[in-house]
Amino acid sequence: FDPKAAVDVEENPGINCYDEYSRRWVNIGGEVSGHTVTVQVDHFTKFAVIGKIILSFTDIAGHWAESNIKELVSLGAISGYPDGTFRPDNNITRAEFITTLVKAFRAEGQRGKTFVDTASHWARESIAVAVASGIASGYDADTFRPDDAITREQMTAMIMNAAKLTPLREELTFTDSESISGWAMEAVAAAINSGIMKGYPDNTFRPRGNATRAEAVTAIVNALPETVKPSN
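Residues numbered from 1 in each chain as written. Predicted model: local features only at pLDDT ≥ 70, side-chain atom pairs only at ≥ 80, totals over all residues. Heavy atoms only, no water.

The next point concerns unusual backbone geometry. In terms of backbone geometry, most residues other than glycine have negative phi values and most peptide bonds are trans. Positive phi, normally seen in glycine, also occurs at R106, with a value near 55°. Unusually for a residue other than glycine, N203 sits at a positive phi of about 65°. By the secondary structure assignment, N203 is in the loop between α5 (185–194) and α6 (213–223). (Helix = DSSP H or I, 4+ residues; strand = E, 2+ residues; numbered from the N terminus.)

Below you can see the structure in the form of structure tokens.
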């Protein structure tokens, strides 16, 4: 690559492949030597040398999740929008969250179940891996609702499954603890105890409220093992 024409060498250039399903470039790393980046690949697609860390979003400066957003972006698990924004306070869908979670934890496995409403969805592969790995499940045998906004309790349960943490039976003291679904109660307790999740200043957890992109990024970063996190 030509560092003057292609990338700024300070951006740590890496090989990226184009994911036809998510319609995004995915960083797969590589070793840099001079003006060459080398990486092993196992399939044909579009490849390009792109700066590994692109953090010039126009809407995250000073945001409470700024450092977590930068960390997860540097892992190649999530990206911003073509207009240069990240939109941290927007809701995140079940498909978007699972795709980010699978990439962050580098989940692998055979293709799992394809639901009626994911058969032609851009996140089909990530959802299939998440289901096969026991990270996520559908609403029933046929539906997954990939484009629904994910709730905080759904997000918590999926993160706990991905991190393989033990559910915890412990009484929660949020003022709305009774609204936490029974199937999510132990996951929420474990997430709170481990510092992966926390409630709001008014002592609510809002389990059925929609999670934002910033909240999702922060929870995933908190759950990642140190061996996965990028070094400074």
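What follows is about the packing of helix α1 (residues 66–74) against α6. When two helices pack together, their arrangement is given by the angle between the helix axes and by the axis-to-axis distance. The N-to-C vectors of α1 and α6 enclose an angle of 70°; their axes lie 9 Å apart at closest approach. By the angle class used here, α1 and α6 are roughly perpendicular. The crossing of α1 and α6 is left-handed. Across the interface between the two elements, N68, I69, E71 and L72 of α1 pack against V217, T218, I220 and V221 of α6. Across the contact of α1 with α6, the residue classes tally to 5 nonpolar, 2 polar and 1 charged. (Axes fitted to C-alpha atoms, helices over the stretch in contact; angles between N-to-C directions. Parallel < 35°, antiparallel > 145°, perpendicular 65-115°, else oblique. Left-handed = near helix turned anticlockwise from the far one by under 90°. Contact = heavy atoms within 4.5 Å. Nonpolar A, V, L, I, M, F, W, Y, C, P; charged D, E, K, R; others polar.)

As a further point, take the nonpolar core. A general feature of soluble globular proteins is that nonpolar side chains tend to end up buried together. Counting 56 residues, the largest nonpolar core has L72, F97, L101, F105, M155, I159 and I220 as its most contacted members. Every element with two or more residues in this core is listed here: α1, α2 (94–104), α3 (124–132), α4 (152–163), α5 and α6. In contact with F97, other than residues within four places in its own chain, are I92, I150, M155, M158, I159, A216 and I220. (Core = buried A, V, L, I, M, F, W, Y, C linked by side-chain atoms within 4.5 Å. Buried < 20%, exposed > 50% of the residue type's maximum accessible area, 1.4 Å probe, protein only.)

Those residues of α1 lying buried are N68, I69, L72, V73 and S74. As for α1, its buried residues are in contact with α2 and α6. Downstream of α1 by one or two residues, G76 has phi in the positive range, about 80°.

Tallying each qualifying case throughout the model produces 7 salt bridges. Where K70 meets E66, a salt bridge forms, and the shortest distance between an N and an O atom there is 3.1 Å. With K70 and E66 both in helix α1, this residue pair falls 4 residues apart, about one helical turn. Under the relative-accessibility criterion, K70 is labelled partly exposed at 29%. The partner of R87 in a salt bridge is D83, and the shortest N-O contact between them spans 3.2 Å. Residue classification places R87 among the partly exposed residues on the basis of a relative accessible area of 30%. (Salt bridge = Lys/Arg side-chain N within 4 Å of Asp/Glu carboxyl O.)

Attention shifts here to the confidence of the model for the protein chain. When pLDDT is averaged across the protein chain, the result is 87; 85% of the residues are at 70 or more. Counting interchain partners and residues more than four positions distant, the pLDDT-below-50 stretch residues 6–10 has 10 contacts. (pLDDT = per-residue confidence, 0-100.)

Before going further, it helps to examine the environment of N91. Within the secondary structure layout, N91 lies in the loop between α1 and α2. Since its relative accessible area comes to 41%, N91 is described here as partly exposed. For N91 and A214, which are 123 residues apart along the polypeptide, the C-alpha to C-alpha distance reads 8.8 Å. Discounting chain neighbours no more than four positions away, the residues touching N91 are E96, A149, N210, A211, T212 and R213.

This next bit is on the packing of aromatic side chains. The description of an aromatic ring pair rests on the distance of the ring centres and on the angle between the ring planes. Inspection of the entire model under this criterion finds 3 aromatic pairs. Ring centres of F57 and F86 lie 5.4 Å apart, and the angle between their planes is 55°; this geometry places the pair in the tilted category. A residue pair is termed long-range when its members are at least 10 positions apart, and F57 in the loop between β5 (47–51) and α1 and F86 in the loop between α1 and α2 qualify at 29 residues. For F86, a relative accessible area of 0% corresponds to the buried category. Between F115 and F144, the ring centres sit 5.4 Å apart and the planes meet at 40°, which makes this aromatic pair tilted. One end of the pair, F115, is in the loop between α2 and α3; the other, F144, is in the loop between α3 and α4, and 29 residues separate them in sequence. F115 sits in the buried class, given a relative accessible area of 3%. A cation sits over an aromatic face here: R213 above F86, 4.2 Å from the ring centre. (Phe/Tyr/Trp six-rings, centres within 6.5 Å; stacked < 30°, edge-to-face > 60°. Lys NZ or Arg CZ within 6 Å of the ring centre and 35° of its normal.)

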